[in-house]
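# Examination of the molecular architecture
Listed below, chain by chain, are the residues.
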Amino acid sequence: MSEPAGPTDAVLAVLDDLLAEGGELDVLIGELSPAQWATPTAAPGWTIAHQVAHLAWTDTAALLSVTDPEAFAAEAEKATAAPDTFVDDGAEAGALLPPAELLSWWRDSRVQLQEALRAAPAGARFPWYGPPMSAASMATGRLMETWAHGQDVFDALGRTRRPTDRLRHVARIGIRARDYAFAVRGLAAPDEEFRVELTAPDGDGVWTYGPQDAQQRVTGPALDFCLLVTQRLHRDDTAVTAQGADADRWLDIAQAFAGPAGPGRPARTPGGGA
């Protein structure tokens, strides 16, 4: 009997990008002093330690989903019992660890998740806090979160990071989550597809999504769009623009992540302006 096929080249490409995304953040936080781990970030009540603890906690949950679905189901029940606090509770518990121990946990969970997803048979689907996820979706979700929480760390330290083509994954998940952003606020999602045109990070080329002749359109820099859909930047502080009432409404509520509607970030200055 032949062995089940492993992940496709497309899945491996996402996993490679996830590995690179985590590695970039690892280089930064690996240099921090113990005191710097307590640096506040833009997320209210969260320090750098909380941000990394959240990543470690979620990577561990993803690993459990891939390797032991029954055990994951038990953990998911805990989240269902405390939908408004389980994320903060997990981050708070991890942030209490000594920085070296927390960093080691995150590193180990990342490595183990990579190994588990690379070993998963083609077509496998894994339980999650929402619908089951494929290996590609799981990796894309982890990349999106790693990038977004990493942004909070970079910002807290006053450091700038160069945007890369890995933002394609963040943009794609933000676009695919359009209807969810409406639904989680009790709003009816638009019937028609939107056209999204994003300028690539290197300024050379445009990433396009949706019908070319769509009446509802969103345009702007890919970086700004990704910061918007991960709610790391207020809409008024981006160069993202909308054409059409539904597209305009979407930019006010967009979110790439599962869970309750987030409050987003306040504008940097009254009336916006980056």
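Criteria and cut-off values
Residues numbered from 1 in each chain as written. Predicted model: local features only at pLDDT ≥ 70, side-chain atom pairs only at ≥ 80, totals over all residues. Heavy atoms only, no water. Helix = DSSP H or I, 4+ residues; strand = E, 2+ residues; numbered from the N terminus. Rg over C-alpha atoms; globule rule 2.2 N^0.38 Å. Buried < 20%, exposed > 50% of the residue type's maximum accessible area, 1.4 Å probe, protein only. Contact = heavy atoms within 4.5 Å. Areas by Shrake-Rupley, 256 points an atom, 1.4 Å probe, with all protein chains shown as cover. Pairing = 2+ DSSP bridges. Axes fitted to C-alpha atoms, helices over the stretch in contact; angles between N-to-C directions. Phe/Tyr/Trp six-rings, centres within 6.5 Å; stacked < 30°, edge-to-face > 60°. 1 Å grid on protein atoms, 1.4 Å probe; cavity = no way out; pocket = protein on both sides within 12 Å on 5 of 7 lines; lining within 4 Å. Points joined across faces, edges and corners; volume = space filled by probe spheres on them. Nonpolar A, V, L, I, M, F, W, Y, C, P; charged D, E, K, R; others polar.

## Observations regarding the overall build of the chain
The helix and strand inventory of the chain stands at 10 helices and 6 strands. Against the globule reference of 19 Å for 274 residues, the chain gives a C-alpha radius of gyration of 19 Å, in line with a compact fold. Relative to its 274 residues, the chain shows a buried fraction of 45%. At a minimum sequence separation of 6, the contacts of the chain that also span at least 24 residues come to 67%. A total of about 13,400 Å² of accessible surface is found on the chain, and carbon and sulfur atoms cover 54% of it.

## Thoughts on the sheet that holds strand β4 (residues 206–209)
The strand order across the open sheet formed by 4 strands is β4-β3-β5-β6, and the pairing between neighbours is mixed. At either margin of the open sheet sits one strand with a lone partner, and together these are β4 and β6 (241–243). Taking the axes of each pair of neighbouring strands and ignoring which way they run, one obtains an average angle of 15° across the sheet. Relative to β6, strand β5 (residues 217–221) is paired through 3 bridges, and the arrangement is antiparallel. Its bridge partner lying in β6, Val218 is registered against Ala242. Relative to β4, helix α7 (residues 167–176) is tilted by about 25°, and along the sheet it contacts β3 (195–199) and β4. Where helix α10 (residues 245–253) meets the sheet, its contacts fall on β3, β5 and β6, and the angle it forms with β6 comes to roughly 150°.

## Focus: the packing of aromatic side chains
Per the stated rule, a full pass over the model turns up 8 aromatic pairs. Between Trp128 and Tyr129, the aromatic rings sit 4.9 Å apart at their centres with planes inclined by 65°, giving edge-to-face as the arrangement. Residue classification places Tyr129 among the partly exposed positions, given a relative accessible area of 31%. Clustering of aromatic rings is evident, with ring pairs tying together Trp57, Phe72, Phe86, Trp128 and Tyr129.

## Section: the layout of surface pockets
Roughly 400 Å³ of internal volume is contained in the second largest pocket. Gln151, Asp155, Arg232, Leu233 and Arg268 are the residues nearest the centre of the second largest pocket, which is lined by 20 residues in total. The set of elements that each furnish at least two residues to the lining of the second largest pocket consists of α6 (135–156) and α9 (222–229). Looking at which element gives the most residues to the lining of the second largest pocket, the answer is α6, with 4 residues. Within the lining of the second largest pocket, the residues separate by chemical class into 9 nonpolar, 3 polar and 8 charged.

## Examining empty space enclosed by the protein
What the rule picks out here adds up to 2 cavities of 30 Å³ or more. When its volume is computed, the largest cavity comes out at roughly 90 Å³. Lining of the largest cavity is provided by Leu18, Leu19, Gly22, Asp59, Trp106, Arg110, Leu113, Gln114, Arg142 and Thr146. Counting only elements with at least two residues in the lining of the largest cavity, the list comes to α1 (9–29), α5 (99–119) and α6. With 4 residues, the single largest contributor to the lining of the largest cavity is α5. Here the residues of the lining of the largest cavity sort into 4 nonpolar, 3 polar and 3 charged. In this structure, the second largest cavity spans a volume of roughly 60 Å³. Taken together, Glu21, Glu24, Leu143, Trp147, Arg161, Arg162, Pro163, Thr164, Arg166, Leu167 and Val170 form the lining of the second largest cavity. Secondary structure elements with two or more residues in the lining of the second largest cavity: α1, α6 and α7. Of the residues belonging to the lining of the second largest cavity, the class tally is 5 nonpolar, 1 polar and 5 charged.

## Let's talk about the environment of Ala200
Looking at the secondary structure, you find Ala200 in the loop between β3 and β4. Placed 74 residues apart in sequence, Ala200 and Phe126 show a C-alpha to C-alpha distance of 32 Å. In this structure, Ala200 is in contact with Gly205, Val206 and Trp207, ignoring residues within four places of it in sequence.

## Notes on the pairing of β4
Side chains Trp207 and Tyr209 project from β4 onto a buried face, and the interleaved Val206 and Thr208 project onto a face without burial. Here 4 bridges tie β3 to β4, and the two strands are oriented antiparallel to one another. Residue pairing across strands places Thr199 opposite Val206, the latter belonging to β4. Between the antiparallel neighbours β3 and β4 lie 6 residues, among them Gly203 with a positive phi of about 75°.

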